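Geometric and topological summary
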Amino acid sequence: QVQLVESGGGLVQAGGSLRLSCAASGRTFSSYAMGWFRQAPGKEREFVAAISWSGSTYYADSVKGRFTISRDNAKNTVNLQMNNLKPEDTAAYYCAADESYRLGAGTRGVEYDYWGQGTQVTVSS
């Protein structure tokens, strides 16, 4: 069983930055693909970014060039640096882990086995 705990959410003005972190339990974190998803009120959950066990990164078009995903295997953490935030980035952000040791990283929620509880990001205009 893998437990994921997100942190770093908050309220920020448009154009500002936030850094989300996800701490994972488990001795094989380095073999997991990790992803970030978000869900705004009344909307479906959507893919934000993912990083494979080998370090390859993937981004949704809406965040490309503004968000950066990274991982620190020594600390069992995955981070999401969010710059130039926009009001439309407002959502609950969820960290997810995929233990299937796939090549690459999934962009669909069903490809992930474990989920965190989420952290709220609110961007004011």
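Residues numbered from 1 in each chain as written. Predicted model: local features only at pLDDT ≥ 70, side-chain atom pairs only at ≥ 80, totals over all residues. Heavy atoms only, no water.

**Here's the deal with the overall build of the protein**
A count of helical and extended segments in the protein gives zero helices and eleven strands. Ordering the α and β elements of the protein from the N terminus gives β-β-β-β-β-β-β-β-β-β-β. Its C-alpha atoms give the protein a radius of gyration of 13 Å, near enough to 14 Å, the size a compact globule of 125 residues would have. Considering only C-alpha atoms, the protein reaches an extent of 40 × 25 × 25 Å along its principal axes. Considering the protein as a whole, with its 125 residues, one finds that 46% of them fall into the buried category. Contacts in the protein between residues at least 24 apart in sequence constitute 59% of all its contacts with a sequence separation of at least 6. Here the protein displays about 6,400 Å² of accessible surface, and carbon together with sulfur accounts for 45% of that area. Considering the protein, the positive charge centre built from 12 side chains and the negative charge centre built from 11 side chains are found 4 Å apart. (Helix = DSSP H or I, 4+ residues; strand = E, 2+ residues; numbered from the N terminus. Rg over C-alpha atoms; globule rule 2.2 N^0.38 Å. Buried < 20%, exposed > 50% of the residue type's maximum accessible area, 1.4 Å probe, protein only. Contact = heavy atoms within 4.5 Å. Areas by Shrake-Rupley, 256 points an atom, 1.4 Å probe, with all protein chains shown as cover. Lys, Arg positive; Asp, Glu negative; His and termini not counted. Charge placed at Lys NZ, Arg CZ, Asp CG, Glu CD.)

**As for the pattern of salt bridges**
Per the stated rule, a full pass over the model turns up seven salt bridges. For E46, the salt bridge is made with R38, and the minimal N-O distance between the two is 2.6 Å. Overall, E46 belongs to the partly exposed group, its relative accessible area being 35%. Here D89 makes a salt bridge to R38, at a shortest N to O gap of 2.9 Å. Highlighted residues: D89 in the loop between β8 (77-82) and β9 (91-98) and R38 in strand β4 (residues 33-39), separated in sequence by 51 residues. With relative accessibility at 5%, the residue R38 sits in the buried group. Among the charged side chains, a salt-bridge network with shared partners connects R38, E46, R66 and D89. (Salt bridge = Lys/Arg side-chain N within 4 Å of Asp/Glu carboxyl O.)

**Looking at the pairing of strand β3 (residues 18-24)**
Successive side chains on a regular strand alternate, one facing one side of the sheet and the next facing the other. Burial along β3 is one-sided: the residues L18, L20, C22 and A24 are buried and none of R19, S21 and A23 is. Where strand β1 (residues 4-7) meets β3, four bridges bridge the pair, whose relative direction is antiparallel. Residue E6 lies in a different strand from β3, and its bridge partner there is C22. (Pairing = 2+ DSSP bridges.)

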